[in-house]
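Structure at a glance
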Amino acid sequence: LLAGPGVASAQSAVVGLYNEANALYRASQFNEAREKYLQAAASGSRDWRLFYNLGNAHFKVGKIGAAIVWYERALRLKPRDEDIVANLRFLNRVKKDQEPESHGNPVWEFFAGVFSFPTLNELSVASSITLFLLVATGVRHVWRPDSSGPQRWLGLGVLAGVTLACAVWLGSRAVYEEDLQEAVIVASLATARSGPDERQTTVLVIHEGTKVRIDRFEGEWALVLLANGLGGWMRQELF
């Protein structure tokens, strides 16, 4: 209760900044709009519309890498949104280093798509509902022994299997997303080296907008990997 007025005031400030940014964007003042959106995001607001508009504003001022970053963040909050997906696909085609949309193995892509299709929130809801139904069904059978029979146990077993499957799916996705670290190159040109030192041999030169997976960090350096498996060490300031 004590924190309520402060929270309400903070939310009001974010909404004010967001509305100001929208007005500037409509007036084609894209740099000013971008600054207002960034101020709203710096307050800790996590709204897919704010992130999506940040992607639009960065694209309008020619910052493709930053635009992809914000579109990716919006997509995390609003999966399967057609506008976000379309914008990311467009930027992937216009940036200098294009990434393949397909990895060539249709079977693997199908199962990977099924695995990543539901969000963690959706899997959490499904797991909670199936667990509740399992417990409720079990309690009902305990209190009504007169309804015993093979069909009862078959239904309970199926429900238990579905509950377990949802829980395993949720746990696997949570572990996968916890371990997955991705970044987007925001510098116009990024050099990857064979080791975490400027004196090491250059192994890769990649451009703004390229998405990389981070394997590990060492000081100011990170070992990054491309979608094709190639990688090298680069400074964190490049993404």
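It should be noted that the structure appears before, not after, this text.
Below: a short report on this structure. Fair warning: this is a prediction, and the values are worked out from it, not measured in the lab.

About the thresholds
- Residues numbered from 1 in each chain as written.
- Predicted model: local features only at pLDDT ≥ 70, side-chain atom pairs only at ≥ 80, totals over all residues.
- Heavy atoms only, no water.
- Axes fitted to C-alpha atoms, helices over the stretch in contact; angles between N-to-C directions.
- Helix = DSSP H or I, 4+ residues; strand = E, 2+ residues; numbered from the N terminus.
- Parallel < 35°, antiparallel > 145°, perpendicular 65-115°, else oblique.
- Left-handed = near helix turned anticlockwise from the far one by under 90°.
- Contact = heavy atoms within 4.5 Å.
- Nonpolar A, V, L, I, M, F, W, Y, C, P; charged D, E, K, R; others polar.
- Expected span 1.5 Å × (residues − 1).
- Buried < 20%, exposed > 50% of the residue type's maximum accessible area, 1.4 Å probe, protein only.
- Arc of directions from axis to C-beta.
- Polar contact = N/O pair within 3.5 Å; in protein donor to acceptor, adjacent residues only side chain to side chain.
- Patch = residues over 30% accessible without salt bridge, like charges linked within 9 Å, V, L, I, M, F, W, Y side chains within 5 Å.
- Areas by Shrake-Rupley, 256 points an atom, 1.4 Å probe, with all protein chains shown as cover.
- Salt bridge = Lys/Arg side-chain N within 4 Å of Asp/Glu carboxyl O.
- Pairing = 2+ DSSP bridges.

1. Let's talk about the packing of helix α4 (residues 64-77) against helix α5 (residues 82-94)
- At a minimum axis separation of 10 Å, α4 and α5 run at an interaxial angle of 150°. With respect to each other, α4 and α5 are oriented roughly antiparallel. Relative to α5, α4 is oriented so that their crossing is left-handed. Taken together, the residues of α5 that come into contact with α4 (itself represented by Ile64, Ala67, Ile68, Tyr71, Glu72, Ala74 and Leu75) are Ile84, Val85, Asn87, Leu88 and Leu91.
- Residue composition of the contact of α4 with α5, by class: ten nonpolar, one polar and one charged.

2. So, α5
- Helix length check: α5, at 13 residues, gives a terminal C-alpha distance of 18 Å against a target of 18 Å (1.5 Å per residue), a fit within 8%.
- Within the span of α5, buried status applies to Ile84, Leu88, Leu91 and Asn92. Angularly, the buried residues of α5 cover 105° about the axis, an arc narrow enough to put them on a single face. Pointing more than 90 degrees away from the buried face of α5 are the exposed residues Glu82 and Arg93.
- Where the residues of α5 are buried, they touch α3 (48-60) and α4.
- Between a side-chain oxygen at the N-terminus of α5 and the backbone nitrogen of Asp83 the separation is 3.2 Å; the capping residue is Asp81.

3. A word on the packing of α3 against α4
- Interhelical geometry of α3 versus α4 gives an angle of 160° and a closest axis separation of 8 Å. Our classification of the angle between α3 and α4 gives roughly antiparallel. The chirality of how α3 crosses α4 is left-handed. Judged by residue contacts, Trp48, Phe51, Tyr52, Leu54, Gly55, Asn56, His58 and Phe59 of α3 engage Ala66, Ala67, Trp70, Tyr71, Arg73, Ala74 and Leu77 from α4.
- Within the contact of α3 with α4, the residues separate by chemical class into eleven nonpolar, three polar and one charged.

4. Describing a nonpolar patch on the surface
- Residues Val107, Phe110, Phe111, Val114 and Trp169 make up a contiguous nonpolar surface patch of roughly 500 Å² in combined accessible area.
- Counting residues per element, the nonpolar patch draws most heavily on helix α6 (residues 106-116), which supplies four residues.

5. Description of the pairing of strand β5 (residues 221-225)
- Counting buried positions over the five residues of β5 gives five, a clear majority of the element.
- On β5, burial covers both faces: Trp221, Leu223 and Leu225 on one face and Ala222 and Val224 on the other are all buried.
- Relative to β5, strand β4 (residues 211-218) runs antiparallel, the two being bridged by five bridges. Pairing of Glu218 across the sheet is with Trp221, part of β5.
- Between the end of β4 and the start of β5, which pair antiparallel, lie two residues, with Gly219 showing a positive phi angle near 65°.
- Of the strand pairs in this sheet, β5 and strand β6 (residues 231-235) are connected by five bridges, and their pairing is antiparallel. Within β6, the position partnered with Leu223 by the bridge is Trp233.
- The antiparallel pairing of β5 with β6 creates a hairpin that spans five residues between the two strands, and Gly229 there sits at a positive phi of about 95°.

6. As for unusual backbone geometry
- Even without a glycine there, the phi angle at Ser28 is positive, about 65°.
- Inspection of the secondary structure puts Ser28 in the loop between α1 (4-26) and α2 (30-42).
- The backbone of Arg80 sits at a positive phi, close to 70°, despite the residue not being glycine.
- On the secondary structure map, Arg80 appears in the loop between α4 and α5.
- With a relative accessible area of 38%, Arg80 lands in the partly exposed category.

7. A word on the side chain of Thr163
- Its place among the elements puts Thr163 in helix α8 (residues 150-179).
- A residue is classified by how much of its surface remains accessible, and Thr163, at 10% relative accessible area, is buried.
- Engagement of the side chain of Thr163 in a polar contact is seen with the backbone oxygen of Thr130, the distance being 3.2 Å.
- Discounting residues that sit within four places of it in the chain, Thr163 has contacts with Thr130, Leu131 and Leu134.

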